[in-house]
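Okay, here's what each chain looks like letter by letter:
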Amino acid sequence: MGGSIAGCAGALAVARAGAGEVVVFERAASQLEERGVGLAMHNDRYAELAEAGFVDAGMPFVQLATRPWVVRDGDEPAGRTVAVLPMPFRSYSWGPLWRALRSRIPAGVDYRSGVSVAAVERSGDGALVRLADGTEDHFDLVLGADGYRSLVRAATFPAEAASYGGHLAWRGTLPVERLPEPRDAFPSHAAATVAFPGGHMISYWIPGHDGGGAMVNWVLYAVPPGPAERFADPGGTHPRVVDEDLMLHQQELVARHFPPFWQEVVARTAPADRFIQPMYDMAIPHYADGPFALLGDAASIARPPTGSGAVKALQDAAALERALTGAETLAQGLRAYSEDRAPVGHATVRLGRSLGRALVEQTPDWSAMDSAALEEWWLQAGGGNGFGGLKLRR
């Protein structure tokens, strides 16, 4: 269920593990190239996933190296850099990464676009899939890669629901050609972080949507105005519909706390290239139950500052392939997969909450810190404990 990055990785995993017939159900009728924006992958996680056969050097990326932490300082155009931490990550654009994974799926896999699944349920020794048009089919395994509002999760773990984390992200992208002066304030290897009381914004270069050229991906985290209940339902907020009070709040934060250069970065981002992303937390107790298994955001939702994101879904798929390949039966393989990945999902959610407290809810006096103080704070916040994704077991 689901044909995005998680779904393509899951289909690749079960196909390579020996599944006789694999069908992917993706409800979007059009291609998914433009879905999502930028994402980052730790160099070590890339090496593990490349060895597992899910990524390679031919996929368009930008190599990041440093993470400068910047605060507003009078009229300094790009602000004052209080510290520079290492940032050994590759950045990707969602579309080209999805296309690369989609192309890896064997030709024998039946990838069906524009197909909505109405229900999944246990049936005999397998599972029944009922489509919106009433069509039914029986499968030995249903793999839920259908995101944070997963239908498969709702059918297997109905008591598990995502909980709002108390803040959200305002996100945007713009072509690097639209960057303001001075251009050397934001080189391609830097993941610049503008820090302010009650939040921060991280920005980094990513490949263009078609894999060529380059874009800037920025993500601003802060507590939004109004009651938290407005974001209680993960399905109640459309990411591309930014309410006026949220837009004005972001503008006020940027005007009050950002250096002029970074104010311009946000201002030059077209409205069509902006969206919001409330923070949610969720991790199910088991990643498999009978004829059902889950991966990616369907299994656990961790906040983006963990640096896991798509990496978590790719790691889940790699672990699933390894577990199924090494097992004598499907049930044994799914049990091994769950025992491997469920603890990782819970650990990543805990890390996300810790980073949320440190980076948004209980921010330090950034302007008073030097490099040594910020590095110590970052490690205490959890930046040295799984940031960028936990190591993939072999």
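Before reading on, note that the structure itself is shown above.
Residues numbered from 1 in each chain as written. Predicted model: local features only at pLDDT ≥ 70, side-chain atom pairs only at ≥ 80, totals over all residues. Heavy atoms only, no water.

Summing up its helical and strand segments, the protein has nine helices and 19 strands in all. Against the compact-globule benchmark of 21 Å for 394 residues, the protein has a radius of gyration of 21 Å, which places it among compact chains. Projected onto its principal axes, the C-alpha positions of the protein cover 70 × 40 × 35 Å. Counting the 394 residues in the protein, one finds 55% classified as buried. In the protein, the share of contacts with a sequence separation of at least 24, taken over all contacts with a separation of at least 6, comes to 74%. (Helix = DSSP H or I, 4+ residues; strand = E, 2+ residues; numbered from the N terminus. Rg over C-alpha atoms; globule rule 2.2 N^0.38 Å. Buried < 20%, exposed > 50% of the residue type's maximum accessible area, 1.4 Å probe, protein only. Contact = heavy atoms within 4.5 Å.)

Now for the nonpolar core. The biggest cluster of nonpolar side chains holds 127 residues, and the ones touching the most others in it are I5, W69, L220, F258, W262, L374 and W377. With 10 residues, helix α7 (residues 310–325) is the single largest residue contributor to this core. (Core = buried A, V, L, I, M, F, W, Y, C linked by side-chain atoms within 4.5 Å.)

This next bit is on the sheet that holds strand β11 (residues 142–144). The strand order β11-β18-β17 describes an open sheet built from three strands, whose pairing is mixed. The open sheet terminates on both sides in strands that have one partner only, identified here as β11 and β17 (288–289). Summarising the sheet, β17 and strand β18 (residues 292–294) pair through two bridges and their orientation is antiparallel. Opposite D289, over in β18, you have F292 as the bridge partner. (Pairing = 2+ DSSP bridges.)

What follows concerns the pattern of salt bridges. Overall, the coordinates contain 17 salt bridges when judged by the stated rule. With a shortest N-O distance of 3.9 Å, E361 and R303 are connected by a salt bridge. Of this pair, E361 sits in helix α8 (residues 330–361) while R303 sits in the loop between β19 (300–301) and α7, placing them 58 residues apart in sequence. A residue is classified by how much of its surface remains accessible, and E361, at 39% relative accessible area, is partly exposed. With a relative accessible area of 5%, R303 lands in the buried category. For D340, the salt bridge is made with R322, and the minimal N-O distance between the two is 2.6 Å. Here D340, found in helix α8, pairs with R322, found in helix α7; they are 18 residues apart in sequence, far enough to count as distant. With relative accessibility at 10%, the residue D340 sits in the buried group. When salt bridges with common partners are traced through the structure, they connect D281, R303, R353 and E361 into a single cluster. (Salt bridge = Lys/Arg side-chain N within 4 Å of Asp/Glu carboxyl O.)

As a further point, take the side chain of S93. As for its placement among the helices and strands, S93 is situated in strand β6 (residues 89–93). On the basis of relative accessibility, which here comes to 1%, the residue S93 falls in the buried class. Setting aside residues up to four positions removed in sequence, S93 forms contacts with V37, I206, P207, G208 and H209.

Quick look at the packing of helix α1 (residues 5–16) against α7 now. For the pair α1 and α7, interaxial distance at closest approach is 8 Å and the crossing angle is 15°. As judged from the angle between their axes, α1 and α7 are roughly parallel. Here α1 runs over α7; the crossing is right-handed. Contacts between α1 and α7 involve I5, A6, A9, G10, A13, V14 and R16 from the first element and A310, A313, L314, A317, L320, E321 and L324 from the second. Split by residue class, the contact of α1 with α7 holds 11 nonpolar, one polar and two charged. (Axes fitted to C-alpha atoms, helices over the stretch in contact; angles between N-to-C directions. Parallel < 35°, antiparallel > 145°, perpendicular 65-115°, else oblique. Left-handed = near helix turned anticlockwise from the far one by under 90°. Nonpolar A, V, L, I, M, F, W, Y, C, P; charged D, E, K, R; others polar.)

Attention shifts here to the environment of A358. Of note, A358 is situated in helix α8. Residue class for A358 comes out buried when judged on its relative accessible area of 10%. Here A358 is in contact with T363, P364, W366, W377 and A381, once residues within four sequence places are set aside.

So, about the packing of helix α2 (residues 43–51) against α7. In the contact formed by α2 and α7, the axes pass within 10 Å of each other and the chain directions differ by 35°. As α2 runs across α7, the sense of the crossing is left-handed. In this structure, α2 contributes R45, E48 and L49 to the contact, and α7 contributes V311, L314, Q315 and A318. Grouping the amino acids of the contact of α2 with α7 by side-chain chemistry returns four nonpolar, one polar and two charged.

Judged by how many residues are buried, strand β12 (residues 163–175) sits mostly within the fold: 10 of 13 residues are covered. Sheet topology places β12 next to strand β15 (residues 214–222); eight bridges connect them, and they run antiparallel. Among the inter-strand pairings, R171 is bridged to a residue of β15, identified as V219.

Our focus in this paragraph is the sheet that holds strand β2 (residues 38–42). Ordered in space as β2-β6-β3, the three strands form an open sheet in which the pairing is antiparallel. Pairing within the sheet leaves two strands with one partner each, and these edge strands are β2 and β3 (62–63). By the bridge criterion, five bridges tie β2 to β6 in an arrangement that is antiparallel. Its bridge partner being in β6, H42 is matched across the sheet by F89.

With that settled, consider the pairing of β2. Here is the key point about a regular strand: its side chains alternate between the two faces of the sheet. Counting buried residues in β2 gives five out of five residues, a clear majority hidden from the surface. Residue alternation in β2 divides its side chains into two sets, G38, A40 and H42 and L39 and M41, and both sets are buried.

Moving on, we get to the packing of aromatic side chains. One pass over the structure, following the stated rule, counts 15 aromatic pairs. Here F25 and F139 contribute two aromatic rings whose centre-to-centre distance is 6.2 Å and whose plane-to-plane angle is 85°, an arrangement assigned as edge-to-face. With F25 in strand β1 (residues 23–26) and F139 in strand β10 (residues 136–139), the pair connects residues that are 114 residues apart, well separated along the chain. Take F25: its relative accessible area is 5%, and that puts it in the buried class. The exposure class assigned to F139 is buried, which follows from its relative accessible area of 12%. Between F61 and Y92, the aromatic rings sit 6.2 Å apart at their centres with planes inclined by 40°, giving tilted as the arrangement. You can see F61 sitting in the loop between α2 and β3 and its partner Y92 sitting in strand β6, a full 31 residues away along the chain. (Phe/Tyr/Trp six-rings, centres within 6.5 Å; stacked < 30°, edge-to-face > 60°.)

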